[in-house]
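Structural characterization, general
Listed below, chain by chain, are the residues.
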Amino acid sequence: MEPGKYLQVAVVGVGGVGTQVVEQLIANPIYGFQLVALTSSKRMLQSTKDHCINPVAWKDALNASETAVDLSAVKSTLQELVKQGEKAVFIDNTSSQDVAEMYPALLSAGINVVTPNKKAFSGEVGLYQAIVQASRSGRYLHESTVGAGLPIISTLRDLVETGDKIVKIEGVFSGTMSYIFNNFSAVEGSDESFSSIVKGARAQGYTEPNPADDLNGADVARKLTILARIIPELKDEQGNFPLLHGYQSVETTSLIQDAPASAVSNGDEFMKWLPEQDAHFSQMREQAANEGSVLRYVGVVDVKNKIVKAELAKYPKTHPFATSLGGSDNIIMFHTERYGKRPLIVQGAGAGNDVTAMGVVSDILKLIRP
């Protein structure tokens, strides 16, 4: 085989998103790739000199494998291919901190990294700094860490790299929060209780198994951290990236700050506790309605004032955050020097295995296309 003709692909994590990534690659035969490794949480499949992974029968082959997961072996395989002149990519579809901490070593070895895993880009600044420094040898692409398949990170990078100045980014970044407040605080009004809407969202799979993990605001804070670190104006005088402790440095309004420990740690216990908060949320909804507004859980990166925050805020019923959203949509506004009078807006489905996988595959294509 001619070296460099195919992108050598290792897929780590083949759950909902990972399976969709593989299937989307297989579905279009023009993509020049070769599967060299696949891992689930328990087993692993690797190609050898004598045996390539059949992309059509990969599920059966992986299920039949008796090889335990060994990510260091996957790294070694890709590293050897790079030495032979091949282009290789490590696709991390997990949400694992341990896997995220492999990125600097992978990149330093010339292995590209594509991932929807937020951990590496929204945690302690040291890991992020190491990834950026190591990217001189390999590329890291993570479009789907914010907004699933929506072009949010690529839009921000294009604005920054073409010399535009970011003034503010604001938006509804959580599909879960979007669904909950689109229904709880609708423009046309609503009488349904907050806990009832959360219960419905959980039943439809819009929330984590424990909705407390959505309502604490941490997911939005992680996405804001990822965006803030791309904006040059938010670096300090020494050129250091902002938000030293990542998402934990973001001013975050938790909607469950009064929840007992037992509720925070158990989804069923949380749902039993949540109705105690209904009166509080109904009062906020009524107050917003009396002002001609709705409630939306938003994230804001205010570059001018160097403020990064996630909060429950009121918006007029005529605002796009009130009128344009449906279901679990995300909507993000970029206020810049060029887009001063009317912000650049990106909107669409911000959650789901298929659209998240699309974001991952679009990043992979950036490595395949010349």
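Just so it is clear, the structure is predicted and the values come from calculations on it, not from any experiment. (Residues numbered from 1 in each chain as written. Predicted model: local features only at pLDDT ≥ 70, side-chain atom pairs only at ≥ 80, totals over all residues. Heavy atoms only, no water.)

1. A closer look at the environment of Lys199
Keep this limit in mind: Elements are defined by DSSP. Helices are runs of H or I of four residues or more, strands are runs of E of two residues or more, and each kind is numbered from the N terminus. Relative accessible area decides the class of each residue, using a 1.4 Å probe on protein chains only: under 20% of the type maximum gives buried, over 50% gives exposed, and in between gives partly exposed.
Residue placement: Lys199 occurs in helix α10 (residues 194–203). On the basis of relative accessibility, which here comes to 59%, the residue Lys199 falls in the exposed class. On a C-alpha basis, the gap between Lys199 and Pro211 in space is 8.8 Å, while along the polypeptide they are twelve residues apart.

2. Here's the deal with the UniProt feature "domain: Homoserine dehydrogenase catalytic" (unreviewed entry) in the chain
This is how the line gets drawn: UniProt positions are given in the numbering used here, feature names are shortened, and annotations may be inferred rather than shown by experiment.
Sites flagged by UniProt as "domain: Homoserine dehydrogenase catalytic" (unreviewed entry) map to residues 151–365. A helix fraction of 40% and a strand fraction of 20% characterise residues 151–365, whose end C-alpha atoms lie 14 Å from each other.

3. Regarding the packing of aromatic side chains
Quick reminder of the rule: Here is the rule: rings of Phe, Tyr and Trp (six-membered ring for Trp) pair when centre to centre is within 6.5 Å. Planes less than 30 degrees apart are stacked, more than 60 are edge-to-face, and the remainder are tilted.
In total, this model carries eleven aromatic pairs according to the counting rule given. With a centroid separation of 6.5 Å and 80° between ring planes, the pair formed by Phe121 and Tyr128 is classed as edge-to-face. Comparing Phe121 with Tyr128 shows no difference in burial state: the two are buried. Three or more aromatic residues joined by ring pairs make a cluster, and in this case those are Tyr103, Phe121, Tyr128, Tyr140 and Phe241.

4. Some thoughts on the sheet that holds strand β2 (residues 33–39)
Operational definition: The pairing criterion is simple: DSSP has to find at least two bridges between the two strands.
The mixed open sheet is built from seven strands, whose spatial order is β4-β3-β2-β1-β5-β6-β7. For this open sheet the edge positions go to β4 (67–68) and β7 (140–141), each flanked by a neighbour on one side alone. As paired strands, strand β6 (residues 112–114) and β7 are joined by two bridges and run parallel to one another. Within the sheet, the bridge partner assigned to Val113 lies in β7 and is Tyr140.

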